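Here is what each chain is made of, one letter per residue.
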Amino acid sequence: MNEGVRLDFSIRGGVPVLLLSAAFLFALVGAVGCWATLLEIGYWLRDAWPDGATWACAALFVPGIAAAALFWPCLRASGECLSSRRARLSGQRVRAREKLADVRMNCRVAIGYSVSVILVVLLVQFFLLNDRAVAKTFLDFPLIIKTFPLILSAFWLNVKLFVASGIVCLIFGLVLAIAEIAPGPAGKPLRMLATAYVDIFRAIPAILVLFLVAFGIPLTGVPVLSDVPQMVLMVIALSITVSAYMAEIYRAGILSVQWSQAAAARSLGMTYLQSLRYVVVPQGVRNIIPPLLNSLIALQKDTALVTVVGAIDAFNQSMIIAGNVYNLSAVTTVAILFIVVSIPQTRLVERMMQRDRMRRVRA
Amino acid sequence: MSTSFIEIEEISKRYGGQKVIDRLSLSVEEHQVVTLIGPSGSGKSTLLRCLNGLETIDGGQIRVGGECITDRGVDLDKVRRHIGMVFQSYNLFPHMTVLENVMLAPAIVLRHSKGEIEETATRLLKRVGLLDKAKAYPDHLSGGQQQRVAIARAIAMDPMVLLLDEITAALDPELVSEVLDIVRDLAGNGMTMLLATHEMRFAREVSSKVCFLYDGAVHEEGTPEQIFGAPKRSRTQEFLRTITDADRL
């Protein structure tokens, strides 16, 4: 029936000349860019740190040699072109096209790595621009080391703010979410109130709320209220905004639990609140740990906003230093501190979730 | 006037404009096993859910032990303590172990002491043959095992009546018998039960009374011998014929 039809499922085309040339070109640009940058760093090190320059320059050879490795997949691809040709000439059609597939694969690997190296080189070049002006402005290491204790002690305020408002938000956000789904006609005013709260405070910028609460309330002169310490007011202000976001996340989590779970709980005689407490909320929260964590990290960064009400947190401290010495390196320290505290949290939660999965799957 | 244990009097239930249950009446005596059969959409599941207060009814009333459970002054949570339910899709709590699933409601609803609850739960898991799975999570059990746990969870509340809503419909055929064995065992011990099912052979064997539901009402009821042996009404005959035809394939 199919006589005369000759099937050919090979990828079209022979040796991918264009792809192979592109791979060589990208590898060349990447390697040369890398070597030029390393050379420049070497000169800089010789000027800035004469004693240790020999060893530091020797260390630069490691990335230098690594950059040469960009050519390795290109060379392998070239070799595979030859063996593909040999196979084709000896009539091994399948082997020939398999070798060509290897050629394409290796070319793509070369391009992928080269592009990444080129991007990193461009970034480093940015710091070396204008006789290393960028590097000096952001990365003045002696200044970073000298001001580190001051920044670190100011960062303690960020940590306190974060921990206190984090706890408040996690609790208040859940309360808001439960109010948002309060059942029946009795729950209607609660639902409306909670929804209005969430809508309003997701709309107002956090910096505004902070200013109004932590700066405005002491101005009112109301007896008890204006005597509340600024620290407490700042925690309240941050929590007002972030708990509105968290309420939405909790609500999504609670609604993601199948209705049949609530039905099963109620059929056993549990009250509405018991079914939430023991069945619906525990399952809902499990589903939303990643977005909750995102909110927490956002809150952590928002603590830097307290600068607007004059509190001396790490950011404000670094700006004071920046103003005094006309250099932003202390601000870089703050950025690094924020990175250092947030990454372990991400990893911790990932591990927690993994353990939860393992526990449930285990026999 | 003698009253039955459960009396359902002319109840109706509408979803939107559609009448799912239309002036349905039914009575169940203590220790009876009443089976509801009928085509899908005939109102079997809805009837069971009304009995458990998971649906509110639009008319009529239901009495259990002489006490009305459908007027507005009733505490449905209290009603549900005495009326257990097992669902088609098991609905075990996936974040709890098998043992915790069985222990949860007695602990927080009945507030029995921990030792007492654990003893009961262990005994019930043994009865459904799953004591070795007490520490396992539901995701790791087969459908049949999950359904057996669900039954243990329901009877841990020591209900006066048990509602079984097509409990074998979601199971692979080879797992059906392990679940039905437990229902048979419960029936033998005098548990009052209402069950919606498509397992006609089982219904015939275990039921005290079979009700054929059609269009939201009891179309014909009688002993299993009457309904399966000599159905009087044409719709019943037709339904049973389709079922037995399908069985023969």
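Bear in mind that the values here come from a model prediction, so they are computed numbers and not experimental data.

J.: How do you make sense of the overall build of chain A when you look at a structure like this?
T.: When helices and strands are counted, chain A shows 13 helices and zero strands. Put simply, chain A runs from its N terminus to its C terminus through helices and strands in the order α-α-α-α-α-α-α-α-α-α-α-α-α. Over its C-alpha atoms chain A spans a radius of gyration of 30 Å, topping by over 25% the 21 Å that the globule rule assigns to 363 residues. The principal-axis extents of the C-alpha atoms in chain A amount to approximately 90 × 80 × 40 Å. The buried share of chain A, reckoned over its 363 residues, is 28%.

J.: Would you mind going over the nonpolar core with me for this structure?
T.: In a soluble, globular protein the nonpolar side chains are often hidden away together inside. Core analysis: the largest hydrophobic core is formed by 114 residues, its most contacted members being Leu210(A), Met234(A), Val102(B) and Leu194(B). Of all the elements, helix H8 (residues 230–256) of chain A adds the most residues to this core, at 14 residues. Residues within four places of Leu210(A) in sequence aside, it is in contact with Met234(A), Ala237(A), Leu238(A), Leu305(A), Val306(A), Val308(A) and Val309(A). Ala31(A), Cys34(A), Ile111(A) and Val117(A) belong to the second-largest nonpolar core, a separate cluster that totals 17 residues.

J.: What's the story with the sheet that holds strand S5 (residues 67–68) of chain B in this structure? I'm lost.
T.: To summarise the sheet geometry, strands pair through backbone hydrogen bonds and adopt either a parallel or an antiparallel arrangement. Residue and element names in this part refer to chain B. Taken in spatial order, the four strands make up an open sheet running S2-S1-S4-S5, and their pairing is antiparallel. Looking at which strands have only one partner, the edges of the open sheet turn out to be strand S2 (18–28) and S5. Of the strands in this sheet, strand S1 (6–15), S2 and strand S4 (59–64) touch helix H1 (residues 44–51), which is tilted by about 65° from S2.

J.: Before we go on, may I ask you to explain the domain arrangement of chain B in this structure?
T.: Reports often express the size of an interface as the amount of accessible area lost when the parts come together. Residues and elements named next belong to chain B. Under the domain assignment, chain B is made up of domain 1 (43–206) and domain 2 (207–249). Once you take the C-alpha centre of each, domain 1 and domain 2 turn out to be 25 Å apart. On the domain 2 side, the residues contacting the six residues of domain 1 number seven residues. It is helix H7 (residues 200–206) that contributes the most residues to the side of domain 1 that touches domain 2, four residues altogether. Class assignment for the residues of the side of domain 1 that touches domain 2 results in three nonpolar, one polar and two charged.

J.: How should I be thinking about the pairing of strand S8 (residues 192–196) of chain B in this particular structure?
T.: Side chains on a regular strand alternate between the two faces of the sheet. All names here are of chain B. Of all five residues in S8, five are buried; the element is thus mostly enclosed. When strand S7 (residues 161–165) meets S8, the two strands line up parallel, connected through five bridges. Each bridged residue has a counterpart across the sheet, and for Leu 164 the counterpart in S8 is Leu 195. In this fold, S7 hands off to helix H6 (residues 173–188), which returns the chain to S8; that crossover is right-handed.

J.: Could you clarify how one ought to interpret the confidence of the model for chain B in this entry?
T.: Note that predicted coordinates carrying low pLDDT should not be read in detail. Confidence in the prediction for chain B averages 90 pLDDT; 98% of positions are at 70 or higher. For this predicted complex, the interface confidence reaches an ipTM of 0.90, while the overall pTM sits at 0.81.

J.: Honestly, the pairing of S1(B) in this entry has me stumped. Any pointers?
T.: All names here are of chain B. Direction of pairing for S1 relative to S2: antiparallel, over a ladder of seven bridges. Looking across to S2, one finds that Glu 7 is bridged to Ser 27. Between S1 and S2, which pair antiparallel and follow one another directly, the connecting turn spans two residues, one of which, Gly 16, has a positive phi of 60°. Here five bridges tie S1 to S4, and the two strands are oriented antiparallel to one another.

J.: What am I meant to see in the sheet that holds S8(B) here?
T.: All names here are of chain B. Read across the open sheet, the six strands follow the order S6-S7-S8-S3-S9-S10; overall the sheet is mixed. The outermost strands of the open sheet, each flanked by one partner alone, are strand S6 (83–86) and strand S10 (217–222). The sheet shows a mean angle of 20° between the axes of neighbouring strands, direction not considered. Sheet topology places strand S3 (residues 33–37) next to strand S9 (residues 209–214); four bridges connect them, and they run parallel. From the neighbouring strand, Leu 36 faces S9, where its bridge partner is Cys 211. On top of the sheet, H1 reaches S3, S6, S7, S8 and S9; it is set at about 145° to S8, its chief contact.

What counts as what
Residues numbered from 1 in each chain as written. Chains lettered and ligands numbered in written order. Predicted model: local features only at pLDDT ≥ 70, side-chain atom pairs only at ≥ 80, totals over all residues. Helix = DSSP H or I, 4+ residues; strand = E, 2+ residues; numbered from the N terminus. Rg over C-alpha atoms; globule rule 2.2 N^0.38 Å. Buried ≥ 20, exposed ≤ 12 C-beta atoms within 10 Å, placed from the backbone. Core = buried A, V, L, I, M, F, W, Y, C linked by C-beta atoms within 7 Å. Contact = placed C-beta atoms within 7 Å. Pairing = 2+ DSSP bridges. Axes fitted to C-alpha atoms, helices over the stretch in contact; angles between N-to-C directions. Domains from an automatic or database assignment. Nonpolar A, V, L, I, M, F, W, Y, C, P; charged D, E, K, R; others polar. Right-handed = clockwise from strand over helix to strand, strands pointing away. pLDDT = per-residue confidence, 0-100.

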